[in-house]
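Summary of the model geometry
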Amino acid sequence: MAQIVPSILSADFARLAEDVARTEHGGAKMLHVDVMDGHFVPNLTLGPPLVKCLRKVTKLVLDVHLMITDPDKFSPLFIEAGADQVSIHYEAATHLDRTIRMIQSEGAKAGVVLNPATPVTVLEDILYVADFVLIMSVNPGFEAQKFIPNALNKIRRLDRVRKEQGLGFAIEIDGGVSAENTAEVVRAGCDWLVAGSAVFHSADPAATVKEMQQIADKAKAVAV
């Protein structure tokens, strides 16, 4: 089943608990949490204290995406704060295999993220270890960017490898996902669709999550 994963980067932080509750009402099972350090990407967002606060107000899976230069240092802190899964960038990891296994040893699922210009071929030797792969469909750092279509080709390649080799990793996408391209993304083979501004900038976030989930379910049924 493909899942719509609201990204709190686009939420109203003054009413964050309410916005999270709205996504739950819409049927969301996961929340995406973007962490930026101002070094790996040209923006600065949130840290473990906010994840700890989120953990107190929701039982949804907290999907923490680290866009930072030192994932080895900070991954355990986010897991301790309540992250259920942590993804790190291939481009930022000096020893990717070790970092992925460290996250898993801390009790969280571990994912690897690819920037738009990074080919999926670099993951050949980590797909047996990682729990999921996150494909960036925008250049990381800011919300409300335009979807980069080549991300669909990368998802198709990963899905083909997954099927051919009998691997169990999930495929996630982040950036520019909306009701308009949800079906196409799911048909390409994506499992988790991160949606920020499409959800939280809409008039009714709960209704938007529900609508996008219905589109994803129909597309998945056709793909199968």
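Relevant structure appears above.
Residues numbered from 1 in each chain as written. Predicted model: local features only at pLDDT ≥ 70, side-chain atom pairs only at ≥ 80, totals over all residues. Heavy atoms only, no water.

The next point concerns helix H3 (residues 71-81). Residues of H3 that are buried: Pro 71, Ser 75, Phe 78, Ile 79 and Ala 81. For H3, the buried positions fall inside an angular range of 155° around the axis, keeping them on one side. Opposite the packed face of H3, turned more than 90 degrees from it, sit the exposed residues Lys 73 and Glu 80. Check the buried side of H3 and you find it contacts strand E2 (30-36), helix H2 (48-57), strand E3 (61-67), strand E4 (85-89) and helix H4 (96-105). One or two steps after H3, the chain reaches Gly 82, where phi turns positive at roughly 130°. (Buried < 20%, exposed > 50% of the residue type's maximum accessible area, 1.4 Å probe, protein only. Helix = DSSP H or I, 4+ residues; strand = E, 2+ residues; numbered from the N terminus. Arc of directions from axis to C-beta. Contact = heavy atoms within 4.5 Å.)

Within the element layout of this structure, Lys 109 appears in strand E5 (residues 109-114). Residue Lys 109 is classed as partly exposed on the basis of its relative accessible area of 43%. Between the alpha carbons of Lys 109 and Thr 58 there is a distance of 18 Å; along the sequence they are 51 residues apart. Ignoring any residue separated from it by four or fewer positions in sequence, one finds Lys 109 in contact with Asp 84, Gln 85, Val 86, Ile 103, Asp 131 and Phe 132.

Listed in full, the buried residues belonging to helix H1 (residues 16-25) are Leu 16, Asp 19, Val 20 and Thr 23. Take H1 and look down its axis: the buried residues cluster within an arc of 100°, on one side only. Immediately downstream of H1, the backbone of Gly 27 shows phi near 105°, a positive value.

Another point: the pairing of E2. Strand residues, when the strand is regular, have side chains that alternate between the two faces of the sheet. With seven of seven residues buried, E2 is to be regarded as a mostly interior element. Side chains of E2 alternate between two faces, with Met 30, His 32, Asp 34 and Met 36 and Leu 31, Val 33 and Val 35 buried alike. Summarising the sheet, E2 and E3 pair through seven bridges and their orientation is parallel. Paired with Val 33 across the two strands is Val 64, which belongs to E3. (Pairing = 2+ DSSP bridges.)

In this section: the packing of H3 against H4. In the contact formed by H3 and H4, the axes pass within 10 Å of each other and the chain directions differ by 15°. Accordingly, the angle class assigned to the pair H3 and H4 is roughly parallel. Every pair of crossing elements has a handedness; the one defined by H3 and H4 is right-handed. Residues Pro 71, Asp 72, Ser 75, Pro 76 and Ile 79 of H3 lie in contact with H4, whose contacting residues are Thr 99, Met 102 and Ile 103. Grouping the constituent residues of the contact of H3 with H4 by class yields five nonpolar, two polar and one charged. (Axes fitted to C-alpha atoms, helices over the stretch in contact; angles between N-to-C directions. Parallel < 35°, antiparallel > 145°, perpendicular 65-115°, else oblique. Left-handed = near helix turned anticlockwise from the far one by under 90°. Nonpolar A, V, L, I, M, F, W, Y, C, P; charged D, E, K, R; others polar.)

Attention now moves to the pattern of salt bridges. Side-chain pairs of opposite charge can arise where the charged atoms are in close proximity. Across all of its chains, the model carries eight salt bridges by this definition. For Asp 97, the salt bridge is made with Arg 101, and the minimal N-O distance between the two is 2.8 Å. Here Arg 101 and Asp 97 lie together in helix H4, a separation of four residues that amounts to about one turn. Relative accessible area serves as the criterion here: at 32%, Asp 97 is assigned to the partly exposed category. (Salt bridge = Lys/Arg side-chain N within 4 Å of Asp/Glu carboxyl O.)

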